[in-house]
Amino acid sequence: MPANCSFDWLGLWQNTDFDSQNIVKLVYLNQVWGLVRYGLYPYPGFPRFLEIEQLEANPTSRGEMTDRLIIPIGKWLIWYCIKVGLQYCSVATNDPLIILVSLEWAVSYYRDVIMMEYLGPVTIAPGEDGYAFRFSSTAAAAFCQRHENEWGVPTFIDE
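Residues numbered from 1 in each chain as written. Predicted model: local features only at pLDDT ≥ 70, side-chain atom pairs only at ≥ 80, totals over all residues. Heavy atoms only, no water.

**Student:** A description of the pairing of strand 6 (residues 128–136) should follow, citing residues and the corresponding values.
**Tutor:** For strand 6, the tally of buried residues reaches seven of nine residues, placing the bulk of the element in the interior. Bridge count for strand 4 (residues 96–102) against strand 6 is six bridges, and the pairing is antiparallel. Directly across from V101, in strand 6, lies its bridge partner A132. With seven bridges joining them, strand 5 (residues 117–125) and strand 6 adopt antiparallel strand pairing. Bridged to E117 within strand 6 is R134. The hairpin formed by strand 5 and strand 6 contains two residues between the paired strands, and G127 there has a positive phi angle of roughly 80°. (Buried < 20%, exposed > 50% of the residue type's maximum accessible area, 1.4 Å probe, protein only. Helix = DSSP H or I, 4+ residues; strand = E, 2+ residues; numbered from the N terminus. Pairing = 2+ DSSP bridges.)

As structure tokens, this is what we get:
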């Protein structure tokens, strides 16, 4: 794990029961460039949606310490989550497929860069506000298509 992450990924990994959840890390040349934690939440019969719970791009992949929502690293992590959601969740065309709650400083990223549908403010915990977003299955597939058109389709190499 990168030492300069703002989120305690190692502590999360060691102290969490990951029933229905996963952490994925994007690695290039033996360096972690980004991490995402997501949950597939099953309801009777099949998973209904995927929630992106934490997302962080390693700032050293751009040489800056300030902005961790790095294009295209953050987009690749969201793309991956969407692909998982499209594979394992069966929802109607306009029902939520992907949901997430962001902090205030990231609202413009999810709304303007990722182009998720903004749903409004929500309470994360007592005294902690968040902002909810979603992708319908149609909007999620459109995001993947735009991203693949701009950045191509990744090749996976097992080492």
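**Student:** Go over the nonpolar core, please, and point to the residues and values.
**Tutor:** In terms of nonpolar packing, the biggest core is built from 33 residues, with I52, I78, I98 and Y110 touching the most fellow members. Contributing elements (two or more residues each) for this core: strand 2 (31–43), strand 3 (46–57), helix 2 (73–88), strand 4, helix 3 (107–113), strand 6 and helix 4 (137–151). Looking at which element gives the most residues to this core, the answer is helix 2, with eight residues. Other than its neighbours up to four places away in sequence, I98 contacts L50, I52, C81, I82, G85, M116, F133, R134, F135 and A140. (Core = buried A, V, L, I, M, F, W, Y, C linked by side-chain atoms within 4.5 Å. Contact = heavy atoms within 4.5 Å.)

**Student:** Now, about the packing of helix 2 against helix 4: what can you tell me, with residues and values included?
**Tutor:** Their axes nearest at 10 Å, the elements helix 2 and helix 4 cross at an angle of 135°. On the basis of their axis angle, the class for helix 2 and helix 4 is oblique. Taken as a pair, helix 2 and helix 4 cross one another with a handedness that is left-handed. Where helix 2 abuts helix 4, its residues K75, W76, I78, W79, I82, K83 and L86 lie against S137, A140, A141, F143, C144, H147, E148, E150 and W151. Of the residues in the contact of helix 2 with helix 4, the class split is 10 nonpolar, two polar and four charged. (Axes fitted to C-alpha atoms, helices over the stretch in contact; angles between N-to-C directions. Parallel < 35°, antiparallel > 145°, perpendicular 65-115°, else oblique. Left-handed = near helix turned anticlockwise from the far one by under 90°. Nonpolar A, V, L, I, M, F, W, Y, C, P; charged D, E, K, R; others polar.)

**Student:** Which residues make up the pattern of salt bridges, and what are the values?
**Tutor:** Between side chains of opposite charge, a pair can form as their charged atoms come close. Evaluated as defined, the whole model comprises four salt bridges. The partner of R37 in a salt bridge is E53, and the shortest N-O contact between them spans 3.2 Å. Placement of R37 in strand 2 and of E53 in strand 3 is noted, with a sequence separation of 16 residues between them. Judged by relative accessible area, which is 10%, R37 ranks as buried. (Salt bridge = Lys/Arg side-chain N within 4 Å of Asp/Glu carboxyl O.)

**Student:** Any chance you could break down the packing of aromatic side chains for me, citing the residues and the numbers?
**Tutor:** In the structure shown here, the tally under the stated rule is six aromatic pairs. A centroid spacing of 5.1 Å and a plane angle of 80° characterise the contact between Y109 and Y110, whose relative ring orientation is edge-to-face. We note that Y109, like Y110, is buried. Seen from their ring centres, Y110 and F133 are 5.9 Å apart, and the 50° between their planes marks the pair as tilted. Separated by 23 residues along the polypeptide, Y110 in helix 3 and F133 in strand 6 bring together distant segments of the chain. Classification of Y110 by relative accessible area gives buried; the value is 6%. Counting every residue linked through ring pairs, the aromatic cluster contains Y109, Y110, Y118 and F133. (Phe/Tyr/Trp six-rings, centres within 6.5 Å; stacked < 30°, edge-to-face > 60°.)

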